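Notes for the structure review
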Amino acid sequence: METDRMKIPPMGLDKHEILEEMRVLRDQDIAWEDNRAFSLVFHHTDAHTEFLKSAHNLFFSENGLNPMAFKSLRTFEHEAVRMSANLLNGAEDAVGTMTTGGTESIMLAVKTYRDRARKLMPWIRRPEMVIPITAHVAFEKAGKYFDVRMVHAPLTEGYRLDLRAMERLINNNTLALVGSAPNYPNGMIDPIEELGAFAEKYRVGLHVDACVGGFFLPWAERLGKNIPPFDFRVPGVTSVSADLHKYGYAAKGASVILYRGMDYLRHQFFVYVNWPGGVFASPSMPGTRSGGSIAAAWAALNGMGESGYLANAVTVLDTTDRFIKGIERIQGLRVLGSPPVGVFAYNSFDKRINIYAVADEMAKRGWHIDRQQKPPCIHLMINPGHAKIVDQYLQDLEDAVETVRDNPHAALSGSAPAYGLMAGAPMRGLVEKNVLDMMEAMYGPEGKSPDLQSKDGKSAIPAPVMAWMRFRAGLARMLNI
Ligand SMILES: Cc1ncc(COP(=O)(O)O)c(C=O)c1O
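Residues numbered from 1 in each chain as written. Predicted model: local features only at pLDDT ≥ 70, side-chain atom pairs only at ≥ 80, totals over all residues. Heavy atoms only, no water.

Considering unusual backbone geometry
We count it as follows: Runs of H or I in DSSP of at least four residues are treated as helices and runs of E of at least two as strands, each being numbered from the N terminus.
Residue P182 is bonded to the preceding A181 through a cis peptide linkage, with omega at -10 degrees. Here P182 lies in the loop between β6 (174–180) and α7 (192–202). For the peptide bond that leads from K374 to P375, omega is 0 degrees, which places it in the cis range. Following the sequence through the fold, P375 ends up in the loop between β14 (370–372) and β15 (377–381). Unlike most non-glycine residues, N89 shows phi in positive territory, near 60 degrees.

Structure follows, in structure tokens:
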């Protein structure tokens, strides 16, 4: 319904009241400051955040679109890229740009491989990239945007990438391979050295998605963790994405995309010389580029220093270890694969413990839980602050598991059936259509709140699928299968 709030007020409102209203709304969001959420926010210390805000504010109005007007920002970007390339063992001729985040870095890499092939490999008519099924969804997005087919390599035992399957998928249309270091869904690092050997053998590119690990794995390695080489040290690696706004502890809107040399990066650039607005050149996707996030990223790298990153890595590694050991001690639960750093997922191997019902129980105890599918599991990404809440989390988890084990109906109440059905529903096209309908409701004129279990028929799960899955679940329980 249209209200006055949907129109710009005729006169500016009281600034204190505006801020107060914003605070009220913010208080209804997840309270990440309590360390009860495990994604979306990366936090070093409150003092560091204040420092980032100061750096951001200094360049609040500046625009990285024009490096001639704002040479300061060009300096920050250049130095941030060089620091990142050095950290990831790029040679002197490694190059790159800053971007607004992991998704943009990945999208640019895909576009770059496509455009380079258009120039140098005209025989490639239907470009493809071979990616592990656990590669970040941004590759699918890039594939859709840039018309590059993403071909999926499966996993084998222990949630490891199936290298033989990956090799079999390489063909004459392959632009590049992808490996993650580590991947998002289960935190495993793909075997980058082996992928590098394929890249050299078949003369294709290799992009390493180190959005999560780029500013973490080097420190873990220095601390003596057994991290297989994943960066430009590996022959065959042609590009790496690494997010400053994750374990680089920068402000949001900051990542880098790096290439082994200018031979790749030049295909990322956009130049158009016939626009009435002037000859236009741009290194990445946006036009206007936020000066604040470029400046804050440079400030973060310098403010943290090696000592800051190392100290955080110690805490995150230790905290992850405590989480993983604690979860594996709880009967019926197991961690997926053998994730080496701060990202992992766990599920249940006990039929009586529905993991989505466990997630609901944890939510009731005040935790913000990330649910995943294929297989159904719970996902965590560890920050230094989580060191304070590990014991409480594990205690609540043990309680939650017991509650679910004792209640055979747990999987049929709360949001568990919705997640379960969405993950298991056979008609993926129908699920996709319903999710699109939900998005239309959310971004339509009424701007509805997102809700998996909405009562107005805009559920993510089509009603017939829901009915069938409920029937199947009921039958399975009756027959105890
Ligand atoms: C491995 C990996 N790559 C890429 C991304 C995308 O990053 P962003 O959300 O900054 O676009 C993520 C996000 O979590 C990720 O985990």
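Still more ground to cover, so stick around.
Considerations on a negative patch on the surface
Test applied: Like-charged residues within 9 Å of one another, or nonpolar side chains (Val, Leu, Ile, Met, Phe, Trp, Tyr) within 5 Å, are grouped into patches, provided each residue has over 30% relative accessible area and no salt bridge. Note that accessible areas follow from Shrake-Rupley with a 1.4 Å probe, and for residues the cover is restricted to the protein chains shown. Every case where a carboxyl oxygen of Asp or Glu lies within 4 Å of a side-chain nitrogen of Lys or Arg is listed as a salt bridge. Positive charges are assigned to Lys and Arg, negative charges to Asp and Glu, while His and the chain termini are left out of the count. By convention, the point assigned to a charge is CZ for Arg, NZ for Lys, CD for Glu and CG for Asp. For every residue, the accessible area obtained with a 1.4 Å probe (protein chains only) is divided by the maximum for its type, and the residue is called buried under 20%, exposed over 50%, and partly exposed between those limits.
Together, E398, D399, E402 and D406 line one region of the surface with negative charge. Within the secondary structure, E402 is located in helix α12 (residues 390–406). On the accessibility criterion, E402 (44% relative accessible area) is partly exposed.

Here's the deal with the site of the ligand
Definition in use: Note on terminology: near, applied to a residue and a molecule or strand, indicates that one of the residue's heavy atoms is within 4 Å of it. Polar contacts, as counted here, are pairs of nitrogen or oxygen atoms within 3.5 Å of one another; within protein the pair requires one atom able to donate a hydrogen and one able to accept it, and residues that are adjacent in sequence qualify only if both atoms are side-chain atoms. Any residue that is not Ala, Val, Leu, Ile, Met, Phe, Trp, Tyr, Cys, Pro, Asp, Glu, Lys or Arg is counted as polar, Gly included; the first ten are nonpolar and the last four charged.
Taken together, 13 residues lie near the ligand, and G102, T103, D209, H245 and K246 sit nearest. D243 is positioned such that a nitrogen or oxygen atom in its side chain is 3.4 Å from an oxygen atom of the ligand. With respect to the ligand, the side chain of K246 contributes an N or O atom lying 2.8 Å from an oxygen atom. In isolation the ligand has 390 Å² of accessible area, and contact with the protein removes 84% of it. Residue contributions to the shell around the ligand peak at 3 residues, all from helix α4 (residues 102–120). Looking at the shell around the ligand residue by residue, the classes come out as 5 nonpolar, 5 polar and 3 charged.

Some thoughts on the pairing of strand β3 (residues 149–153)
Short version of the rule: What makes two strands pair is DSSP finding at least two bridges between them. Assignment of crossover handedness uses the view with strands pointing away from the viewer, where a clockwise path from the first strand over the helix to the second indicates a right-handed crossover.
For strand β2 (residues 128–132) and β3, the ladder comprises 5 bridges, and the chain directions are parallel. Directly across from M129, in β3, lies its bridge partner M150. Traced from β2 through helix α5 (residues 138–146) to β3, the parallel crossover comes out right-handed.

Structural notes on the side chain of H245
Operational definition: Note on contacts: a residue pair qualifies if any of its non-hydrogen atoms lie within 4.5 Å across the two residues.
Looking at where H245 falls in the secondary structure, it is placed in the loop between β8 (239–243) and β9 (255–259). Judged by relative accessible area, H245 falls into the buried class, the value being 14%. Those residues within four positions of H245 in sequence are excluded, and the remaining contacts are F42, T100, G101, G102, A250, A251, K252, G253 and A254.

Some thoughts on the pattern of salt bridges
Side chains carrying opposite charge are able to pair once their charged atoms draw close together. Scanning all chains against the criterion turns up 24 salt bridges. Its salt-bridge partner being E361, residue R365 comes within 2.8 Å of it at the nearest N-O pair. Residue classification places E361 among the buried positions, given a relative accessible area of 10%. Through salt bridges that share partners, K111, R114, D115 and R118 make up one connected network.

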